Amino acid sequence: MTHFIPNRGKVAIKEDELATQTESGIYYQEKRGNNFSTGVVMAIGLPVMNNKGVELPVSYKEGDRVLIEQVVWHHVENYMIIDQEKVIAVIPKDTKIGR
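These figures come from a predicted structure and were not determined experimentally.

Enquirer: For the overall build of the protein, give the residues involved together with the corresponding values.
Expert: From N to C terminus, the protein includes 0 helices and 10 strands. Moving toward the C terminus, one meets the helices and strands of the protein in the order β-β-β-β-β-β-β-β-β-β. Relative to its 99 residues, the protein shows a buried fraction of 31%. Sequence separation of 24 or more characterises 67% of the internal contacts of the protein that already satisfy a separation of 6 or more. When the accessible surface of the protein is totalled, it reaches about 6,800 Å², and 53% of it is carbon and sulfur.

Next comes the structure, spelled out in structure tokens:
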């Protein structure tokens, strides 16, 4: 990945793969049955500022696995760029969401 820093209020996330491998070694995409996705935080832009000019820090860091709302996002070099507030929670690596 070419290193980049998202703009203020944005975060870059590498979405988890939804592919499942069968016993015979064939991969297929699982159907999403919810409005959430998971991924790893790759880069964080500057925090959002409130109306008094105070930065609102985020509660996650680069490398954290997170639960995010499935919203419209922009893809840059295979990473999703989303608003920082769309990150719902930091979750353990082995957590399965809606699968």
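Here the narrative resumes, following the displayed structure.
Enquirer: How would you explain the side chain of Glu-15 if you had to name every residue and give the values?
Expert: Residue placement: Glu-15 occurs in strand S1 (residues 10–15). For Glu-15, the side chain forms a polar contact with the side chain of Ser-37, separated by 2.5 Å.

Enquirer: Report on the pattern of salt bridges, specifying residues and quantitative values.
Expert: The tally for this structure, following the rule as stated, stands at 4 salt bridges. One salt bridge connects Glu-55 with Arg-8, and the closest N-O pair in it is separated by 3.3 Å. Of the two residues, Glu-55 is situated in strand S6 (residues 55–56) and Arg-8 in the segment before S1; the sequence distance between them amounts to 47 residues. Arg-8 sits in the partly exposed class, given a relative accessible area of 38%. Across the pair Lys-61 and Asp-64 runs a salt bridge, and its minimum N-O distance is 3.0 Å. For Lys-61, a relative accessible area of 52% corresponds to the exposed category. On the accessibility criterion, Asp-64 (12% relative accessible area) is buried.

Enquirer: Any chance you could break down the nonpolar core for me, citing the residues and the numbers?
Expert: Val-11, Ile-13, Val-41, Tyr-60, Val-66, Ile-68, Trp-73, Met-80, Ile-82 and Val-87 together form the largest nonpolar core, which totals 10 residues. Listing elements by their share of this core, those giving two or more residues are S1, strand S7 (65–69) and strand S9 (79–83). In this view, Val-41 contacts Val-11, Ala-12, Ile-13, Tyr-60, Lys-61, Glu-62, Gly-63, Asp-64 and Val-66; residues no more than four positions away in its chain are not counted.

So, how was this worked out
Residues numbered from 1 in each chain as written. Predicted model: local features only at pLDDT ≥ 70, side-chain atom pairs only at ≥ 80, totals over all residues. Heavy atoms only, no water. Helix = DSSP H or I, 4+ residues; strand = E, 2+ residues; numbered from the N terminus. Buried < 20%, exposed > 50% of the residue type's maximum accessible area, 1.4 Å probe, protein only. Contact = heavy atoms within 4.5 Å. Areas by Shrake-Rupley, 256 points an atom, 1.4 Å probe, with all protein chains shown as cover. Polar contact = N/O pair within 3.5 Å; in protein donor to acceptor, adjacent residues only side chain to side chain. Salt bridge = Lys/Arg side-chain N within 4 Å of Asp/Glu carboxyl O. Core = buried A, V, L, I, M, F, W, Y, C linked by side-chain atoms within 4.5 Å.

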